[in-house]
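Structural overview for review
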Amino acid sequence: MHQDSPRYVVDRPAYNLPDFDREFDRKSRHFPVGEKVKKLFSGVSRPDDSTQSDIGFFRVTTREPESFKAFLLFVSVRCSVPRLKGLLLRHLPVLSWLPKYKAKDNLLCDVISGVSAGTIQVPQGMAFALLANLPPVNGLYSSFFPLIPYFFMGTAHQMVPGTFAVLSIMVGTVCLKLAPESDFSHFNATLNATIVDTDRMNEVRLGISGTLACLTAIIQIGLGFMQFGFVAIYLSESFIRGFMTAAGLQILISVLKYIFGINVPPYSGPLAVVYTLADIIVGLPDTNIASLVFALVCGTVLILVKELSARYRHKVPFPIPMEIIIVVVATAVSGPLHLPETYHMDIVGEIPLGFPAPILPTVSQWEDMLSVAFSLAIVGYVINLAMGRTLAAKHGYDVDPNQEMLALGCSNFLGSFFKIHVICCALSVTLAVDNAGGTSQFASLCVLLVVMVTMLALGAYLRPLPKSVLGALIAVNLKNTLLQLSDPYYLWKKSKLDCFVWIVTFLATFFLSLPYGVVIGVGFSILVVIFKTQFRNGSAMGPILDMDIYKNPKVYNKVMPVTGVKIVNYCSPLYFANAEIFRQRLIKKTGLDPGKLLLIRQKFLAKENAKEEKTDKVTRRRTRSSLANMKTISQLDLQNDFDGNEGSASKPEPPTSYVNFQCSDIELSEQASEQRPPSPAEVTLKSQPVPFHTLILDLAGVCFIDLMGIKVLIKMNSSYAMLGIKLYLAGVQAQVYEELEAGGAFDNDNIARSNLFLSVHDAVLFAQRNSEEKRDSQKVEKTGQELNFHMNEEMDLEQEMF
């Protein structure tokens, strides 16, 4: 033992829970469900009895009858000026940070970081539009309109909404499903070839993309108003990394057709990526060399510049916008030299200038895209929140999860009327803003301005840009995502269950498509949590030497067992999925199954009682026949006895016989049974000792319990009580105690409240005291029985003497 360790000595009485509550005045706490709902949804409060009430933000005074009062009670919402101010500040965070913004210190950094990040946003948005099977201009729309609502509603200061590769490819699956290329193809007899009406197909797909964004936005806004921002906690890091890795690999395979310049038919649904990869491999002999050269050169230059920027990032004041430089140079080389026409390269094509005309979503299509929309809403929100929390932790501010859900939903909702596809955090753009020193949403406003200039003026000059260049930009930006393929190697060493979550999510996402991957991955993650809580072993415990510290004897050598007391701890919720497993583990740890022992006793006693009843029947028949001879006493016999005693030999006629009706068979059998000593079976069963007199359950690790768990505890308590074993519960948490009380654990003395203790040591002290008291009472009872036995012997001797 360390000599310099602090020591403490505690001298207090041992408490059970009722005594402790009574002595220290336990408070009674109530949490009405109505108040919780009011607080959750900003509350509907009951106005007072006066005729003055608040409706919304207006005060109304009325003298109307009771029916109108009831109506006011239903629609009235308590509000005040401070509450209105708090509501506006919560849902419009710009009102909080804008008045405090220090333009002199931060404006220049925000402008520089925003402009440099905007040059990344433009080519990245155009490239990710290709993943969504949409025209490149959709990427510009998706990088512009969503930034407007987020500027006012976002809580992450450096966040820039925009396109994200994983969401783009999920949108692309819906576009392919609802608007396949075959619907816009027709055979041209003049050219003797199949012609695709690309303009019409792009227009229809843009409408589908906007409709999907609208449905996703409605889901996000609804979840935000219902305070469902916590759904992100159900997506574990292993799930997210497995999902993102599989999606990144799908994205890489999808852009290979642009890099190699191969015509590959689009696929959707399960195994679509396998079919796409097979077609790419088959089409490699038809590779467009010019497209491949552009992609290799641009990709190599981009990788070199990114690596150098990462190594010397402390010396470079802002990130080098290499993406826009590559796009400008590639366009300048491709256009004047007429390379697309010469080498038949696939190019971006015409980009319409100006803002798009607003459209209305096609509500009839929502049924076909509901599952994908829900997946997009959750995945996009999780990515956004993860990045927001990273930035908040780095810069020392807080991110409101529910407000982020609302801000993202409103960004998608506004953009859905202008042909965007679903957006979330533009990862590389946001990191560019943060690395360049951006401090507020003014940086995203500068990104918006760069995109707007491109939409209004510069888009026409991007017509000869090869699509292979955009494919190379996408492939290079997937580097960090694809490096996560090594995750299983490290996860296996740390947590095998998390490794299984990663592998299952990755395989389901890669082979079955992204929506299926979300469902299967989340479902498997939940099963892992259930598995972890369901199959907890628990452990037997004992005190270490003479201290009040109780540990597992398999882990510590100096654990001393407590005579007659078994202590078992359990560190998992006790609910329907593991209640029976908990009971079986408890039997295994204690070495005693009370149910089986009671059943064996009952069967043995029933068998012995049946034997005794059979013996009693035989005895009763014999007794009945002897009673008939004994009870019928003739007067002649009495006279003969009398005469024999007097020596007379006269024999009168036989008179009528007399029967003694005062003595019955039942009375005789009862007397015989009362005088019968206990059977050997009863003596054997009663004399069999149980291995312990008290079982203590350490429930400090149980965070909740349901009705099944309560029923198991009640049944165990009654079973142990029939064997003369007391069941004590130690370390019960306050919430678990309330659940036990609500579940009827203490009704009709199912479990005595006095059997609950603050700690294991309190329970052990009570068990030892009760055992000593029981032992003393048994000694007194035994002494009394011996005295009674001697007194009975003396009385029998006296009766024999007299």
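Everything discussed here concerns the structure shown above.
Residues numbered from 1 in each chain as written. Predicted model: local features only at pLDDT ≥ 70, side-chain atom pairs only at ≥ 80, totals over all residues. Heavy atoms only, no water.

Before going further, it helps to examine the overall build of the protein chain. Along the protein chain, the regular secondary structure elements total 32 helices and 14 strands. Counting every position in the protein chain, which comprises 802 residues, the buried fraction comes to 42%. Pairs at least 24 residues apart make up 80% of the contacts formed inside the protein chain by residues separated by at least 6 positions. Accessible surface, the protein chain as shown: approximately 45,200 Å² in total, 61% of it carbon and sulfur. (Helix = DSSP H or I, 4+ residues; strand = E, 2+ residues; numbered from the N terminus. Buried < 20%, exposed > 50% of the residue type's maximum accessible area, 1.4 Å probe, protein only. Contact = heavy atoms within 4.5 Å. Areas by Shrake-Rupley, 256 points an atom, 1.4 Å probe, with all protein chains shown as cover.)

What follows concerns a nonpolar patch on the surface. On the surface, a cluster of nonpolar side chains totalling about 1,000 Å² of accessible area is made up of Leu 271, Val 274, Tyr 275, Trp 492, Phe 500, Ile 503, Leu 507, Phe 511, Leu 512, Tyr 516, Val 519 and Ile 520. Contributions of two or more residues to the nonpolar patch are made by helix H12 (272-282), helix H23 (496-512) and helix H24 (514-534). Here the nonpolar patch takes five residues from H23, the largest share from any one element. Structurally, Tyr 516 can be placed in helix H24. (Patch = residues over 30% accessible without salt bridge, like charges linked within 9 Å, V, L, I, M, F, W, Y side chains within 5 Å. Salt bridge = Lys/Arg side-chain N within 4 Å of Asp/Glu carboxyl O.)

Read from one edge of the open sheet, six strands run S8-S7-S9-S12-S13-S14, paired in mixed fashion. Both edges of this open sheet fall to strand S8 (550-551) and strand S14 (756-757), since each of them pairs with a single strand only. Pairing analysis gives three bridges linking strand S7 (residues 539-543) to strand S9 (residues 565-569), with the strands arranged antiparallel. Its bridge partner lying in S9, Ser 539 is registered against Asn 569. (Pairing = 2+ DSSP bridges.)

By secondary structure assignment, the location of Val 196 is in strand S5 (residues 193-196). Distance from Val 196 to Asp 183, taken between C-alpha atoms, is 8.8 Å for residues 13 residues apart in sequence. Those residues within four positions of Val 196 in sequence are excluded, and the remaining contacts are Glu 181, Phe 184, Ser 185 and Met 201.

Let us now look at unusual backbone geometry. Look at Asn 133: it is not a glycine, yet its phi comes out positive at around 55 degrees. Secondary-structure assignment places Asn 133 in the loop between helix H6 (103-131) and helix H7 (137-142). Assessed through its relative accessible area of 16%, Asn 133 is described here as buried.

Close contact between helix H13 (residues 289-311) and helix H14 (residues 322-334) brings their axes to 10 Å; oriented N to C, the two are set at 155 degrees. With respect to their mutual orientation, H13 and H14 come out roughly antiparallel. In this structure, the crossing between H13 and H14 has a hand that is right-handed. Two secondary-structure elements touch here, H13 through Phe 294, Cys 298, Val 301, Leu 302, Val 305 and Lys 306 and H14 through Met 322, Glu 323, Ile 326, Ala 330, Val 333 and Ser 334. Of the residues contributing to the contact of H13 with H14, the split by class is nine nonpolar, one polar and two charged. (Axes fitted to C-alpha atoms, helices over the stretch in contact; angles between N-to-C directions. Parallel < 35°, antiparallel > 145°, perpendicular 65-115°, else oblique. Left-handed = near helix turned anticlockwise from the far one by under 90°. Nonpolar A, V, L, I, M, F, W, Y, C, P; charged D, E, K, R; others polar.)

What follows concerns the pairing of strand S12 (residues 694-698). Counted residue by residue, S12 has five buried out of five residues, so it is predominantly covered. Of the two faces of S12, the one holding Thr 694, Ile 696 and Asp 698 and the one holding Leu 695 and Leu 697 are both buried throughout. In the sheet, S9 pairs with S12 via five bridges, with the strands oriented parallel. Bridge pairing links Asn 569 to Asp 698 in S12. Handedness of the S12-helix H30 (residues 707-722)-strand S13 (residues 726-730) crossover: right-handed. (Right-handed = clockwise from strand over helix to strand, strands pointing away.)

Turning our attention to the environment of Ala 734. Position of Ala 734 relative to the elements: it lies in helix H31 (residues 734-742). Judged by relative accessible area, which is 43%, Ala 734 ranks as partly exposed. Between the C-alpha atom of Ala 734 and that of Cys 703, which follows or precedes it by 31 residues, the distance is 9.4 Å.

Bringing the side chain of Gln 403 into the picture now. Mapped onto the elements of the fold, Gln 403 is located in helix H17 (residues 401-416). Look past the residues within four positions of Gln 403 in its chain and what remains in contact with it is Arg 90, His 91, Pro 93, Met 153 and Thr 155.

Below, the discussion takes up the packing of helix H10 (residues 198-225) against H17. H17 packs onto H10 with a crossing angle of 155 degrees between their chain directions and a minimal axis gap of 7 Å. Between H10 and H17, the angle is such that the two are roughly antiparallel. The crossing of H10 and H17 is left-handed. Counted together, Gly 210, Ala 213, Cys 214, Ala 217, Ile 218, Gln 220, Ile 221, Leu 223, Gly 224 and Phe 225 of H10 and Asn 402, Met 405, Leu 406, Leu 408, Gly 409, Cys 410, Asn 412, Phe 413 and Ser 416 of H17 form the full contact between these two elements. For the contact of H10 with H17, the per-class residue count stands at 12 nonpolar, seven polar and no charged.

Burial analysis of helix H20 (residues 467-477) places nine of its 11 residues in the buried class, which makes it a mostly covered element. Within H20, burial applies to Lys 467, Ser 468, Val 469, Leu 470, Gly 471, Ala 472, Leu 473, Ile 474 and Val 476.

Let us now look at the pattern of salt bridges. Side chains bearing opposite charge may pair, as long as their charged atoms lie close to each other. Tallied over the entire structure, the rule returns 13 salt bridges. With a closest N to O distance of 3.8 Å, Lys 467 and Asp 346 form a salt bridge. In this pair, Lys 467 sits in helix H20 while Asp 346 sits in the loop between helix H15 (339-343) and helix H16 (366-395), placing the two residues 121 residues apart along the sequence. Looking at Asp 346, the relative accessible area reads 42%, which means it is partly exposed.

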